[in-house]
Structures are given as C-alpha cells and as structure tokens.
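Letter by letter, the chains look like this.
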Amino acid sequence: MTAPTPATPAVEFRNVTRSFGDGPAAVTALADVDFAIPRGMIFGVLGESGAGKSTLLRLMNGLDHPTSGRVLVEGTDLAGLGKSQMNRMRHRIGVVFQAYNLVGNLTVRQNVELPLRLQRRKARSGPDSVRVREMVDFVGLGHRVDHYPAQLSGGEKQRVAIARALVTEPSLLLCDEPTSALDTHTTSEILDLLSATRERFGTTIALVTHELEAVKAICDRAAVFESGRLHDIVEVDAARRDRGQSYLAHVREVLGE
Ligand SMILES: Nc1ncnc2c1ncn2[C@@H]1O[C@H](COP(=O)(O)OP(=O)(O)OP(=O)(O)O)[C@@H](O)[C@H]1O
C-alpha cells in the first residue's frame, strides 16, 4: 500500500464505470464517475432510487470493482490489493447501514466488540475492552451495554451500529441511508452523532442518502447522482443549517408556514 500524505484524498474515483451484464440487457450503474473526497470531510452522496449510490459504496468498500477506471482509498488502488491487504484496508473503513445489521442474540457490548473479535483480538480485557466501553459511552449508550437489540429503539440500534463501526478506529466511515428508517427527531440525533464523530476522531464520512435535509444538516459537500452519472458537486452552505431546530420549527420550515 502507498503511504498517504496529508494531501492524499480519503477517496478518489478516477473515470469509474461499473456495468452489469452484456448486450442489450446491460445496465450501467455508474458511468465515467470522477471525484475525490478530501480527508476529514463529511461528503454527501445524493440521488434517487437507482442512481447508483449503493454501487458507489460497494466500490469504496472493495466489495465490488469497477468495469473500468480506478477507485483509490487513501491513495491505494483497491483493485491492486491481495486478500490480506484488502482485509487490512477494510479495518480502516467502517460501514453503517439503514437496517442496522446488529446480531440479535448478542448484547450491545458484544455487538460493538464483534469487529475486534473478527480481527482475532481479545476484547474482553486490556485496551480493547476499554475501547469498546469508550465507543458505547461515546454513542450515549453506557447505560445499555447489557441490553439486546430487541430491547432498543431504532435510534439506539443505529447508535450501536455506529459504535461498532468506530471500534476499529477507521479513518473512513461509509453510511448507507443511516437515517432513512428513523423519524425526524431521531434522524437529527444520529446526524449530530456523525458530526461529533468527525469532530472527535477526524473521521472522513461518506453519507449516502436520498434525504436532502440530512445533507443540509451535516455535509460539507455533496455529489448529486442521476442514472449513474455524477450530475454535480454542490458545496453546502453551513450558514443555512438549522442546528438545534425544534420539531415544530422543522415542520413549519418543510411545510412552508
Ligand atoms: N448486481 C447487479 N446486477 C445488475 N444490475 C445491478 C446490480 N447492482 C445494481 N444494479 C443496477 O444498477 C443501478 C444502480 O443501482 P444502485 O443499487 O447502485 O442504486 P441506488 O442509488 O443505491 O438505489 P436505491 O436507493 O434504490 O438503493 C440500478 O439500475 C440497479 O438495478
């Protein structure tokens, strides 16, 4: 892997095309996509259903590879990595999903320590158990460590998923529609937590969403996709954020009263 310099972007897409199938039935999920995510940025990826957002995330995570073009994470071309190098790279990339993907028969603590166990580290004692506790506290669930997912609300489950994604100290956090299943108030709490994550750990965050409000709330910049094409990259005007807005104020703003 190449040693990244401070100027190396967290993620780079260089003329990336990803197509599925051949001939008339072929689908181009992403067409000649070219952009970079600077380190430490909260970067929105906006688009309607079928725009290519999930394909984009799978490419960033090395779960899929471009048909042509290159995807670089911290200056390293993912296509050039062998299995063990790819595994090491994945430890630097955390992922959070809309459906939380928690393990139902494990407690909050056990869910959060899972990535460390998969790295064959002993999380029960020493610095790793401190790290697990620190992450559970960071997401505000210190009082829930021994609860099971079924005992938690949707927002709490997403907090656990975020703690689990952060426990390996990733430099890049990929969030796939993390608030789409949540109500307005809980959405805003989870977005605040993502903001706090960047502040505390300097994590670069890619936030894939179809929710403009989420991008407006925390992103610095957003790429807008339409039918697999990168339509535009928009700078988010931080001055227009409505931090700490009440639920009623939010309803008034959206309904235009
Ligand atoms: N494995 C695949 N085989 C065939 N076509 C695929 C595959 N994966 C994605 N596609 C197609 O590529 C296009 C983009 O899909 P993708 O899932 O990336 O969009 P999306 O923006 O994430 O949509 P959604 O918001 O509905 O999840 C769609 O037309 C989809 O049907």
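Preceding block: the structure.
The structure displayed is predicted, hence computed values, not measured ones.

Thoughts on the packing of helix 5 (residues 154-166) against helix 6 (residues 184-201)
Viewed as axis vectors pointing N to C, helix 5 and helix 6 meet at an angle of 20°, and their least axial separation amounts to 10 Å. Regarding the angle of helix 5 to helix 6, the classification is roughly parallel. Two packed elements cross with a definite hand, and for helix 5 against helix 6 that hand is right-handed. Here Gly-154, Gly-155, Gln-158, Arg-159, Ile-162 and Leu-166 of helix 5 lie close against helix 6, whose contacting residues are Thr-186, Glu-189, Ile-190, Leu-193, Thr-197 and Phe-201. Grouping the amino acids of the contact of helix 5 with helix 6 by side-chain chemistry returns five nonpolar, five polar and two charged.

Quick notes on the sheet that holds strand 2 (residues 27-37)
Spatially, the four strands line up as an open sheet ordered 2-1-4-5, and their pairing is antiparallel. The open sheet has two edge strands, strand 2 and strand 5 (76-77), and neither has a second partner. Two strands pair when backbone bridges link them, and strand 4 (residues 68-73) and strand 5 are joined in this way by two bridges, in the antiparallel orientation. Among the inter-strand pairings, Leu-72 is bridged to a residue of strand 5, identified as Asp-77. The sheet contacts of helix 1 (residues 53-60) involve strand 1 (11-20), strand 2 and strand 4, and relative to strand 1 the element is tilted by about 120°.

Reading the values: rules and limits
- Residues numbered from 1 in each chain as written.
- Predicted model: local features only at pLDDT ≥ 70, side-chain atom pairs only at ≥ 80, totals over all residues.
- Axes fitted to C-alpha atoms, helices over the stretch in contact; angles between N-to-C directions.
- Helix = DSSP H or I, 4+ residues; strand = E, 2+ residues; numbered from the N terminus.
- Parallel < 35°, antiparallel > 145°, perpendicular 65-115°, else oblique.
- Left-handed = near helix turned anticlockwise from the far one by under 90°.
- Contact = placed C-beta atoms within 7 Å.
- Nonpolar A, V, L, I, M, F, W, Y, C, P; charged D, E, K, R; others polar.
- Pairing = 2+ DSSP bridges.

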